[in-house]
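If you want the building blocks of each chain, they are given just below.
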Amino acid sequence: MGNTGSNNNCNRNTSKNAIATIVSDTVNGYVLFHQCDSTKPVSVLFNLNGPKNETHAIHIHQYGDLRKGCESLGPHFNPTNTTHGSIYYHNMPRHAGDLINNIDFNNNGLFKFMYEDYTISLYNYSKCILGRSIVIHKGIDDLGLGQGAKKEESLKTGNAGGRIACGVIGLCEWEHF
């Protein structure tokens, strides 16, 4: 996991931090978000424990409503009303909530990774993820590349399957990572 360096010159008094804490029978840990100011990308740090040697889809969902558990969190966060895609294919649209699409737990059941995301924000209202949620799915995200009978759902959800873990994204204390 490398440091992208976006936090090196942040003002502690004006930068924002958020966290989604994940506690479930399957996956535990957190996703931490840091943004120096509204003109900078959001640094996203994943620190998760889960099933050894498994891959699961991960997305930001529209709501932070846990009244019905992970099922009441709504669809993927999609403020620009685009089709599902991937950060790894620059020539295709993607939901802001697509994040990195999948998390790959290693042979110790760990997943740690950091990247910068320009499609989400802790400031800008239309792109703001505060009060939304992180959902980890049972299946693997097909990156919006599904074919045949799976194509329509692929462009909505990446055929990621059911929801196995989730957490609401809320403000947290300043964290320099």
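Our structure's up above, just so we're on the same page.
Note that the structure is predicted; figures quoted are calculated from it, not measured.

1. Examining the overall build of the chain
Assigned secondary structure in the chain consists of one helix and nine strands. Tracing the chain from N to C terminus, the helices and strands come up as β-β-β-β-β-β-β-β-α-β. Based on the C-alpha atoms only, the size of the chain along its principal axes is roughly 50 × 35 × 35 Å. Expressed as a percentage of its 177 residues, the buried residues of the chain come to 47%. At a minimum sequence separation of 6, the contacts of the chain that also span at least 24 residues come to 66%.

2. Observations regarding the nonpolar core
If you look at the biggest cluster of nonpolar residues, it comprises 28 residues, and the most contacted ones within it are Phe 33, Phe 46, Leu 48, Ile 58 and Ile 134. At the level of elements, strand S1 (16–23), strand S2 (28–35), strand S3 (42–49), strand S4 (55–61), strand S7 (110–117), strand S8 (133–137) and strand S9 (163–171) are the ones that each hand at least two residues to this core. For this core, the leading source of residues is S3, giving four residues. Setting aside residues up to four positions removed in sequence, Phe 46 forms contacts with Tyr 30, Val 31, Ile 58, Leu 99, Ile 100, Phe 111, Lys 112, Phe 113 and Tyr 115.

3. What to know about the pattern of salt bridges
In total, this model carries four salt bridges according to the counting rule given. Here Lys 40 makes a salt bridge to Asp 37, at a shortest N to O gap of 3.8 Å. Residue classification places Lys 40 among the partly exposed residues on the basis of a relative accessible area of 40%. Assessed through its relative accessible area of 28%, Asp 37 is described here as partly exposed. Put simply, Arg 67 and Asp 65 hold a salt bridge, and the shortest N to O gap is 2.8 Å. Since its relative accessible area comes to 75%, Arg 67 is described here as exposed. Classification of Asp 65 by relative accessible area gives partly exposed; the value is 24%.

4. Things to note about the environment of Asp 141
Relative to the elements of secondary structure, Asp 141 occurs in the loop between S8 and helix H1 (151–157). Considering only alpha carbons, one finds Asp 141 and Asn 101, 40 residues apart in sequence, at a separation of 5.9 Å. There is a polar contact of 2.8 Å between the side chain of Asp 141 and the side chain of His 84. A distance of 2.6 Å separates a polar side-chain atom of Asp 141 from the backbone nitrogen of Leu 143.

5. Section: the pairing of S3
Among the eight residues that make up S3, seven are buried, leaving the element largely enclosed by the rest of the structure. Examined bridge by bridge, S2 and S3 share seven bridges and lie antiparallel to one another. Following the sheet pairing, Leu 32 is matched in S3 by Leu 45. Hairpin geometry of S2 and S3 is characterised by an intervening segment of six residues between the two adjacent antiparallel strands.

6. So, the packing of aromatic side chains
Here the distance between the centres and the angle between the planes together describe a pair of aromatic rings. One pass over the full model with this rule turns up four aromatic pairs. Relative to Tyr 115, the ring of Phe 113 lies with its centre 6.3 Å away and its plane at 25°, an arrangement referred to as stacked. Tyr 115 gets classed as buried once you look at its relative accessible area, which sits at 7%. Among the aromatic residues, those joined into a ring-pair cluster are Phe 46, Phe 111, Phe 113 and Tyr 115.

7. Section: the state of the cysteines
According to the stated counting rule, one finds two disulfides in the structure shown. Here Cys 70 connects covalently by a disulfide to Cys 166, the sulfurs 2.1 Å from one another. Between Cys 70 and Cys 166, the S-S dihedral sits near -90°, and the bridge is therefore left-handed. Residue Cys 70 is located in strand S5 (residues 67–70), and its partner Cys 166 is located in strand S9; the two are separated by 96 residues in the primary sequence. Taken in N- to C-terminal order, the disulfide-linked cysteines of the chain are connected 1-2, 3-4. No disulfide involves Cys 128; its nearest neighbouring cysteine sulfur is the one of Cys 172, lying 13 Å away. We note that Cys 172 lacks a disulfide partner, and the nearest cysteine sulfur, in Cys 10, lies 13 Å from it. In this structure Cys 172 comes out as partly exposed when scored by relative accessible area, which is 27%.

Thresholds applied
- Just so you know, the residues in each chain are numbered from 1, in the order the chain's sequence is written.
- Reporting of local features is limited, given that this is a predicted model, to residues whose pLDDT is at least 70; pairs of side-chain atoms are given and counted only at 80 or more, and all residues count toward the totals for whole chains, interfaces and linings.
- Hydrogens are left out, water is left out, and the side-chain values use all remaining heavy atoms of the structure.
- Each helix corresponds to a stretch of at least 4 residues labelled H or I by DSSP, and each strand to a stretch of at least 2 residues labelled E; elements are numbered beginning at the N terminus.
- Throughout this description, buried means an accessible area under 20% of the type-specific maximum (1.4 Å probe, protein chains only), exposed means over 50%, and partly exposed covers the range between.
- Note on contacts: a residue pair is in contact if any heavy atoms of the two residues lie within 4.5 Å.
- The set of buried Ala, Val, Leu, Ile, Met, Phe, Trp, Tyr and Cys residues whose side-chain atoms join them within 4.5 Å is what this entry labels a nonpolar core.
- Just to be clear on terms, a salt bridge is a Lys or Arg side-chain nitrogen sitting within 4 Å of an Asp or Glu carboxyl oxygen.
- The definition of a polar contact used here is a pair of N or O atoms within 3.5 Å, where within protein one atom must be able to donate a hydrogen and the other to accept one, and adjacent residues in sequence count solely through side-chain atom pairs.
- Strand pairing follows a simple DSSP-based rule, namely that at least 2 bridges must link the two strands.
- Here is the rule: rings of Phe, Tyr and Trp (six-membered ring for Trp) pair when centre to centre is within 6.5 Å. Planes less than 30 degrees apart are stacked, more than 60 are edge-to-face, and the remainder are tilted.
- Any cysteine sulfur atom paired with another within 2.5 Å is treated as part of a disulfide.

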